[in-house]
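Report on the structure
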Amino acid sequence: MINLHDPAHLIIDANYLGIARSPNALIVQIYLRQGRTVDLKKALYAAIAANLVALGLRAEDVLVSLSENDLPDWSFGLGLAQYC
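As a starting point, this report considers the structure included with it. (Residues numbered from 1 in each chain as written. Predicted model: local features only at pLDDT ≥ 70, side-chain atom pairs only at ≥ 80, totals over all residues. Heavy atoms only, no water.)

Describing the environment of Met-1
Rule in force here: Each helix corresponds to a stretch of at least 4 residues labelled H or I by DSSP, and each strand to a stretch of at least 2 residues labelled E; elements are numbered beginning at the N terminus. Think of it in three bands: with a 1.4 Å probe and only protein chains considered, a residue is buried below 20% of the maximum accessible area for its type, exposed above 50%, and partly exposed in between.
Positionally, Met-1 belongs in the segment before β1 (26-33). Under the relative-accessibility criterion, Met-1 is labelled exposed at 94%. Remark: the alpha-carbon pair of Met-1 and Ser-22, spanning 21 residues in sequence, is separated by 23 Å.

Listed below in structure tokens is the structure:
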């Protein structure tokens, strides 16, 4: 899902952790099941940044957030937890 937000509705610290971000900063949020290793997550962050840099974005402007969950955290309709 891609959502475009008016910059006035986003609060992105332009220098958090010493990384100089531009007004073109992009947030990538991914929901996923628990269980990936730290090394796999780091590889994902690097791949996302590299692919977006190839499209003309700055690596400094790519913020990635993973939200892990488990089987009971999903419902695909009907008000049911299909994986439980």
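That covers the picture; the talk isn't over yet.
Points about the pattern of salt bridges
Operational definition: The term salt bridge refers to a side-chain nitrogen of Lys or Arg lying within 4 Å of a carboxyl oxygen of Asp or Glu.
Summed over the entire model, instances satisfying the criterion amount to four salt bridges. Linking Lys-41 and Glu-68 is a salt bridge whose minimum nitrogen-to-oxygen distance equals 3.1 Å. In this pair, Lys-41 sits in helix α1 (residues 38-54) while Glu-68 sits in strand β2 (residues 62-69), placing the two residues 27 residues apart along the sequence. Taking the relative accessible area as the measure of exposure, Lys-41 reaches 18% and is therefore buried. Relative accessible area serves as the criterion here: at 36%, Glu-68 is assigned to the partly exposed category. With a shortest N-O distance of 3.7 Å, Glu-60 and Arg-58 are connected by a salt bridge. According to the relative accessible area criterion, Glu-60 is partly exposed, its value standing at 35%. Residue classification places Arg-58 among the partly exposed positions, given a relative accessible area of 35%. A single network of salt bridges, built from pairs that share partners, joins Arg-58, Glu-60 and Asp-61.

Comments concerning α1
Rules: To estimate how far a helix should extend, the number of its residues minus one is multiplied by 1.5 Å. Directions from the helix axis toward the C-beta atoms define the arc.
Look at α1: 24 Å from first C-alpha to last across 17 residues, which is about the 24 Å you get at 1.5 Å a residue. Within α1, the full set of buried residues consists of Lys-41, Ile-48, Ala-49 and Leu-52. Seen along its axis, α1 keeps its buried residues to an arc of 95°; they face one direction. Across from the buried face of α1, at angles greater than 90 degrees, the exposed residues are Asp-39, Lys-42, Asn-51 and Ala-54. Within two residues after α1, Gly-56 carries a phi angle of roughly 105°, on the positive side.

Everything listed is a geometric property; what it means functionally is a separate question.
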